Amino acid sequence: MPSVDSVRVAVRVRAFNQTEKDAGCGCIISVALNSVTIWDPRNQSNAKTFTFDLVYWSHSGFIRNEEGILIPDGPTSKYADQKRVFNDLGQELLSNAWQGYNTTLLAYGQTGSGKSYSMIGYGPDRGIIPLTCDELFKAIKQDQEDDKQYQIYFSMLEIYNEKVIDLLSERKQPGGLRVRESSQRGFYVEDIKSVPCENYEQIEQLMKEGTRKRSTASTNINMTSSRSHMIITVQFKQVFLKEHLTKQSNINLVDLAGSERQKSSGSEGDRLREGTAINVSLTTLGNVISALAETAMGKRMLHVPYRNSTLTKLLQPALGGNSKTLMIATVSPADICYEETLSTLRYAERTKNIQNKAVINENPTERLIQELKAENAKLRLKILKIRNSGQRVQEETEELRSLLAENELQMAEIQTSWEQRLEKAQKEWKHQYLNLMQERLMIQLYPYLSNVNVDPQLSAFVRHFIQDGECVVGQSGNFPRAIVIKGLGIADKHATITNQDSKVTLEPHGQARVILNGVLIHTKVQLRHLDRLILGSNSTYLYVGYPCERNDEDLSKYDYDFFQSELAAVEGFDRDALGHASRNNRSVDPSVLAVFHDYIRVKPMVAEANQISRELNKDLTFELEVKNLALTDSRGSDLAKEVMVKVTNKVNYEVWAWSKAKFVNRKFIMEDMYQRFVDGENISVDRENDPFWDPIEAVHLGTAYVWLQSLNYCIVLEEHVEFHNSQGKEEATLQMNLVPCNPRGQPLGEEEILIDPTELVGHRLDFQVQITQCLGIKWVEKNIKRGIQILYHVLNHPYSFHSDPVWNTVNAKIDHTMQFTVKCVSQELLNYLQNHALVLDLWGLQEGCAEMVFPGDFEVTDEGSIIVDYERSQLPHSSNVEKGDDQLSELYIRLSKLEQETDLLRDINRTLRRDNVTLKANIKKMMSAGSRPGEKSFHQMNTQLFCWRSTCKASCEVDFAKALKTFYKSMNRVQSQLLGLRRHRPPDEDDVESLRIYLHKQTQGIKDFGDHLESCINALKNDISLIVKKKRENTTRLDEARFYSTK
Ligand SMILES: Nc1ncnc2c1ncn2[C@@H]1O[C@H](COP(=O)(O)OP(=O)(O)OP(=O)(O)O)[C@@H](O)[C@H]1O
Ligand SMILES: [Mg+2]
């Protein structure tokens, strides 16, 4: 009778990693008994609770004991250590196996969430797999009976890019092992090595071997294991000799690839998203789980697409078949991982519903032989039929023959006794044991290079010992003494390492790329304990000195990120360069940290892509850039950044800008292509499938800002502004006007300038954007066949507007006029105009690329002006401007003060107006009191006074308007200067001279800015004090006049 059970699901919450700690992340998860609650960091009231079979809190409440193992820090701690997880999950696997059930444990979660930590473990923190195997042998030892025999076989494979790689086999498997299907065994891997083991130490050794193989493979091209799935199978047989009965269980332990969704990890938005098989297995696993879950919940019977991927074929029994299955879903508790964590929890919840039907596998040996015999008879009959029919179906016959041969081999295998197998394995063990002993000895005798992998699980597995004398480091093993490194960009003879009198030196050959502690070297250097080496594109090694130089250091500190951060810092790129914090505030802005992390992770991949491009004779070069998203922010905030890859064709200078996700996706396809090239396969593909090909497209060159505040005062603005690229460098100069106008498009005159913008509230506002010229366009200067187009957004209008393209000229006449109308001005709009700019983007056109066209279905006024009514909630807001560097912040504060002063002046103006109103009322009152005979007519006099007062007022207001106009014009320049200063980045070159020039320019720029700001303020203050003085004089004269008139 099959045992029908649901998949049992556990969730484990890990501790913060270093990046999360540095970023000051918040914890958004809490657990209680069997439930997990997760909060949306952007909306705390949005919480979701899930329940699971088991929940582990491994986030806090732990200490390291003297053996180096993480344990709870007290009796009240709820910390779940490795032991506790094993006690539940590992023991359950063992209990299933002893009963004769197949059993599977799957680890699912995003990269770095703790799958390998839970499954395999790190150092003394052993995970479920070692603990389970250890326990199995311990139990066997205690359960020895004469008439009972135990047999344990161990196999370890990896699925990468849909290929199956046997991690225990030394044989080269270019295309990977084949996955076959037979009616008895279902899907299975042909020729997989399954090693008989007698004790736990052997299993430990095999796991090391397997990991070493993964590690070596991934040092060739630094393909990350987070993209591969690892399956360990422990086959456990209990042979009851007296009863001629065998109970058999396959214990499958699966460490799945990182579950990142396509958005963050790969192909979204790329034309070539179907080109890679990298995600096929994981995507299919999701589809299989969904189909099974829906079927189990009785929604409908769905087709389960097991056959669509290698992984799901091999996991078929575990999902809905003959297996008792468990899943451990690992999650990060950090707020920055909210989306991924939530998606993992949902996935785990779905998996809970899957029902399996496990049967006890009793006596399978005899049954299997019978079944294999029967199948072979059928196969022979089929072959005979084909032959008799006279058909020449070569392929089909061959397939049948190989199935037949495989079955016969399997029968022979089954009939081979356990003892015979052990004997064979013993020979290999001896060989391996010798190697192991030798390595242990060498570690105690010599210095060595130890590999450092992007996946910490694969670091320190490859060791190259440096013995006395000279040896050549490189691709080639043809030198008498060689350290063979097969990485990208490694020359046959890359460098020479010499060990003389216990002094180790390294000398690069020719132009070979050798980076020592972040610095590119060309001459002989002495190596010192814990030096970091990057050879070629990205083969990373830690130099471990002689034993006498070692001090029990924690080598794991020198991880992949350490190497890459060090390199980035030497190249002038560190967190400070991104402007993460002011000097008196050391906290790191999480978004900056995320960019920094992206940068150091993508940088080596860019080096590899360049190398692959060179070796495959492609003409593309790749450059990593940090794109300043502020360039599209109308407030000029410059903290939002992202990395992107600029791709250039060396031959025709075509240029593309790839997002990080697109580049990462393409890089995987390039790697696959390169691997096939190395294996001698034909790699020609049509251009639609070529990762090095893309249609020509327009390229974003830079952004210019034209501040909108002049519209508030109905002042015409004639501007010359620079387009700056994402590195802050000038790309071109733009000439444009922002012209307030009447509905028919006639510009407003000076007399219509407003002193108090609130007068606009409730009224219609019309203005024109006039783009006249774009001068000194560097993009076209480099290649006259190119063109440009300018694109801009107006307020929050959903469409962007653009000028017509102009080709083949460095100084382009543009002649673009577009009129816009805000039907009813609100206070919010005035605030927006006061602080924001019109953002204009310069796009570079290349021969053959599509030009941008207007959508054309705008809402327009009767006069044909485009309506840009605006809603407050949609306007972008930003308050990050203050976060710049100290000196600039100070200037910014002064700018804000200036704005406050302007507000104050506006208030004064308002008070004066109010005074006028009171005055007017008084005059009216006096007039109504009547005039005395014989005196000058009071009415006459007051009319005179009133006219005079009105003239004074009008003249003051015109003066005020003029002062404001001058002020806003010069402020526009000041604001552009400020932006320019904030964009001005240190040079890429690392020589002191360029830095000195940069510093000089920056200091000069700041001084100019300060002077300009100062003169603006002074001019305004002067103008205003003159106006106030004039107004006071007028008021005094008016009072005097009134005094005399009442006499
Ligand atoms: N429960 C935990 N307690 C302490 N540290 C942990 C825990 N889980 C994971 N870590 C640490 O987090 C890091 C990443 O973990 P791990 O290698 O297990 O991730 P992964 O899920 O296997 O990622 P990938 O998909 O890239 O293989 C490791 O340095 C590991 O030591
Ligand atoms: Mg892992």
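Along each chain, residue indices are assigned from 1 in the same order as the chain's sequence is written. Chain labels run from A onward and ligand labels from 1 onward, assigned in the order the entries are written. Local features in a predicted model are, by the rule used here, given only for residues with pLDDT of at least 70; side-chain atom pairs are given and counted only at 80 or more, and totals for whole chains, interfaces and linings are based on all residues. Each side-chain value is derived from all of the structure's non-hydrogen atoms; neither hydrogens nor water enter the calculation.

(A) Examining the overall build of the protein chain more closely. Put simply, DSSP H or I for four residues or longer makes a helix, DSSP E for two residues or longer makes a strand, and each gets a number counted from the N terminus. In terms of helices and strands, the protein chain carries 21 helices and 44 strands. A 1.4 Å probe rolled over the protein chains alone gives each residue an accessible area, and that area as a share of the maximum for its type sets the label: buried under 20%, exposed over 50%, partly exposed in between. For the protein chain, with 1047 residues in total, the buried portion stands at 52%. Note that accessible areas follow from Shrake-Rupley with a 1.4 Å probe, and for residues the cover is restricted to the protein chains shown. Accessible area for the protein chain stands at about 49700 Å²; split by element, carbon and sulfur atoms hold 51% of it.

(B) Main features of the nonpolar core. Core analysis: the biggest nonpolar cluster contains 50 residues, and I788, Y792 and F820 have the highest contact counts within it. Excluding residues that lie within four positions of it along the chain, F820 makes contacts with L765, D766, F767, V769, Y792, V794, F801, S865, I866 and V868. Among buried residues, those of type Ala, Val, Leu, Ile, Met, Phe, Trp, Tyr and Cys that are joined through side-chain atoms within 4.5 Å constitute a nonpolar core. Formed by 44 residues, the second largest nonpolar core is a distinct cluster that contains W57, I289, A291 and Y347. Residue contacts are counted whenever heavy atoms from the two residues lie within 4.5 Å of one another.

(C) Just the site of ligand 1, in detail. Here a residue is considered near a molecule or strand provided that any single heavy atom belonging to it is located within 4 Å of it. Near ligand 1 you find 16 residues, and of these G112, K115, S116, Y117 and Y122 are the closest. In the environment of ligand 1, an oxygen atom lies 3.0 Å from a nitrogen or oxygen atom belonging to the backbone of G114. When residue character is reported, Ala, Val, Leu, Ile, Met, Phe, Trp, Tyr, Cys and Pro are called nonpolar, Asp, Glu, Lys and Arg charged, and the others, Gly included, polar. In terms of residue class, the shell around ligand 1 is made up of three nonpolar, nine polar and four charged. Throughout this description, a polar contact denotes any pair of N or O atoms lying within 3.5 Å of each other; where both atoms belong to protein, one of them has to be capable of donating a hydrogen while the other can accept it, and for residues adjacent in sequence the pair is counted only when both atoms sit in side chains.

(D) Examining the packing of aromatic side chains more closely. Here is the rule: rings of Phe, Tyr and Trp (six-membered ring for Trp) pair when centre to centre is within 6.5 Å. Planes less than 30 degrees apart are stacked, more than 60 are edge-to-face, and the remainder are tilted. Enumeration according to the criterion identifies 18 aromatic pairs in this entry. Relative to W418, the ring of Y153 lies with its centre 5.4 Å away and its plane at 80°, an arrangement referred to as edge-to-face. With Y153 in strand β12 (residues 148-160) and W418 in helix α12 (residues 418-445), the pair connects residues that are 265 residues apart, well separated along the chain. Each member of the pair, Y153 as well as W418, carries the same accessibility label: buried. Here Y792 and F801 contribute two aromatic rings whose centre-to-centre distance is 5.9 Å and whose plane-to-plane angle is 35°, an arrangement assigned as tilted.

(E) Broad picture of the sheet that holds strand β5 (residues 43-51). Here, strands pair whenever DSSP counts at least two bridges between them. A sheet is described by the order of its strands in space; here three strands give the open sequence β3-β4-β5, paired in antiparallel fashion. Here the strands that pair on one side only, and so sit at the sheet edges, are β3 (29-32) and β5. Looking at each pair of strands side by side, their axes are set apart by 20° on average, direction ignored. For β3 and strand β4 (residues 35-40), the ladder comprises four bridges, and the chain directions are antiparallel. Among the inter-strand pairings, A32 is bridged to a residue of β4, identified as S35. Of the strands in this sheet, β3, β4 and β5 are in contact with helix α9 (residues 338-351), which crosses β5 at around 30°. Helix axes are fitted to C-alpha atoms over the stretch in contact, other axes to C-alpha atoms as well, and angles between N-to-C directions run from 0 to 180 degrees.

(F) Focus on the packing of helix α2 (residues 82-99) against helix α4 (residues 128-142). The N-to-C vectors of α2 and α4 enclose an angle of 55°; their axes lie 9 Å apart at closest approach. Of the possible angle classes, the one that applies to α2 and α4 is oblique. Here the hand of the crossing between α2 and α4 comes out right-handed. Packed against α2, whose contacting residues are Q82, V85, F86, L89, G90, Q91, L93, L94 and W98, the element α4 presents I128, L131, T132, E135, L136, A139 and I140 at the interface. Here the residues of the contact of α2 with α4 sort into 11 nonpolar, four polar and one charged. An angle below 35 degrees is treated as roughly parallel, one above 145 as roughly antiparallel, one from 65 to 115 as roughly perpendicular, and anything else as oblique. Here is the rule for handedness: rotate from the far helix to the near one, and if that takes an anticlockwise turn smaller than a right angle the crossing is left-handed, while a clockwise turn gives right-handed.

(G) Representation of unusual backbone geometry. One non-glycine residue, N617, lies in the positive phi region at around 55°. Assignment of secondary structure puts N617 in the loop between α14 (590-615) and β32 (620-628). Notably, D815 is not glycine yet its phi reads approximately 60°, a positive angle. Relative to the helices and strands, D815 resides in strand β42 (residues 812-822).

(H) Here's a closer look at the confidence of the model for the protein chain. With 82% of its residues at a pLDDT of 70 or more, the protein chain shows a mean pLDDT of 83. Confidence per residue, as judged by the predictor, is encoded in pLDDT with a range of 0 to 100. In the model, residues 872-889 has pLDDT below 50 throughout and makes 33 contacts with residues more than four positions away in sequence or in other chains. Contacts for the low-pLDDT stretch residues 931-939, under 50 throughout, to residues beyond four places or in other chains number nine contacts.

(I) Structural detail: the sheet that holds strand β23 (residues 469-474). If you trace the five strands from one edge of the open sheet to the other, you get β24-β23-β25-β26-β29, paired in mixed fashion. Two strands close off the open sheet at either side, each with one partner strand: β24 (482-484) and β29 (525-526). Looking at chain direction, strand β26 (residues 503-508) and β29 are connected through two bridges and run antiparallel. Considered in β29, the bridge of L506 is made with V525.

(J) Structural view of the packing of helix α7 (residues 280-296) against α9. For the pair α7 and α9, the least separation of the axes is 9 Å and the interaxial angle reads 45°. Judged on the interaxial angle alone, α9 and α7 are oblique. The hand of the α7/α9 crossing is left-handed. Where α7 abuts α9, its residues L282, L285, G286, I289, S290 and A293 lie against Y347, R350 and T351.

(K) Main features of the pairing of strand β6 (residues 54-57). Burial of β6 is two-sided: the residues L54 and Y56 facing one way and the residues V55 and W57 facing the other way are all buried. The pairing of strand β2 (residues 8-13) with β6 spans four bridges and is classified as parallel. By the bridge assignment for β6, A10 is matched with L54.

(L) Representation of the environment of A107 within the structure. Counting through the fold element by element, A107 comes out in strand β9 (residues 103-108). By relative accessible area, A107 is classed as buried at 0%. Each C-alpha atom of the pair A107 and I328 lies 4.9 Å from the other, and the pair is 221 residues apart in sequence. Apart from residues no more than four positions distant in its own chain, A107 is found in contact with K115, M119, V254, D255, L256 and I328.

(M) Region of the structure containing the pattern of salt bridges. Basic side-chain nitrogens of Lys or Arg form a salt bridge, by our definition, when they fall within 4 Å of a carboxyl oxygen of Asp or Glu. For the structure shown, the criterion picks out 31 salt bridges. The partner of E20 in a salt bridge is R14, and the shortest N-O contact between them spans 2.9 Å. Of the two residues, E20 and R14, both sit in the buried class. The salt bridge involving K662 is made with D694; its shortest N-O contact spans 2.7 Å. Remark: D694 occurs in the loop between α15 (660-678) and β35 (699-707) and K662 occurs in helix α15; sequence separation between them is 32 residues. The class of K662 is buried, set by a relative accessible area of 12%. By sharing partners, the salt bridges in this structure join R8, D53 and E92 into a single network.

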